[in-house]
Amino acid sequence: MIIVSFIIIAWVLSWFKFEQIFIQAFKELFNKEILTASYYLIFACLGAIGDIVALLNGSYYEKL
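Rules behind the numbers
Residues numbered from 1 in each chain as written. Predicted model: local features only at pLDDT ≥ 70, side-chain atom pairs only at ≥ 80, totals over all residues. Heavy atoms only, no water. Helix = DSSP H or I, 4+ residues; strand = E, 2+ residues; numbered from the N terminus. Rg over C-alpha atoms; globule rule 2.2 N^0.38 Å. Buried < 20%, exposed > 50% of the residue type's maximum accessible area, 1.4 Å probe, protein only. Contact = heavy atoms within 4.5 Å. Lys, Arg positive; Asp, Glu negative; His and termini not counted. Charge placed at Lys NZ, Arg CZ, Asp CG, Glu CD. Salt bridge = Lys/Arg side-chain N within 4 Å of Asp/Glu carboxyl O.

*Asks:* Describe the overall build of the protein, with residues and values.
*Replies:* When you go through the protein residue by residue, the secondary structure sums to 4 helices and 0 strands. Reading the secondary structure of the protein in the N-to-C direction produces α-α-α-α. Its C-alpha atoms give the protein a radius of gyration of 14 Å, clearly above 11 Å, the size a compact globule of 64 residues would have. Based on the C-alpha atoms only, the size of the protein along its principal axes is roughly 45 × 25 × 15 Å. Expressed as a percentage of its 64 residues, the buried residues of the protein come to 19%. For the protein, the proportion of contacts with a sequence separation of at least 24, taken over those separated by at least 6, is 58%. On the protein, the mean spot of the 4 positive side-chain charges and the mean spot of the 5 negative ones are 6 Å from each other.

*Asks:* Lay out the environment of Ala48 in plain terms, naming residues and giving numbers.
*Replies:* Mapped onto the fold, Ala48 is located in helix H3 (residues 36-57). Note on Ala48: relative accessible area 26%, which makes it partly exposed. On a C-alpha basis, the gap between Ala48 and Met1 in space is 8.7 Å, while along the polypeptide they are 47 residues apart.

*Asks:* So what's going on with the pattern of salt bridges? Which residues, and what values?
*Replies:* Tallied over the full model, the rule gives 1 salt bridge. Between Glu33 and Lys27 there is a salt bridge; the shortest N-O distance is 3.4 Å. With relative accessibility at 58%, the residue Glu33 sits in the exposed group.

*Asks:* So, the side chain of Glu19: which residues are in play, and what are the values?
*Replies:* Among the secondary structure elements, Glu19 is positioned in helix H2 (residues 18-30). In this view, Glu19 contacts Leu13, Ser14, Thr36, Tyr39 and Tyr40; residues no more than four positions away in its chain are not counted.

Below, the structure is given as structure tokens:
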């Protein structure tokens, strides 16, 4: 569920042009060109990591 939350956050941030800032910062830091799809993929991966951490901490089991 955290994955969906992070993708929605990325979408809302794109309304404020954060997407362009993130892509430019990534290019300057790592000297790699990324696209909009990569921007959303990075947020989805962060959400997946959050889901895994929540699963390992037992947060999912407490809701059952």
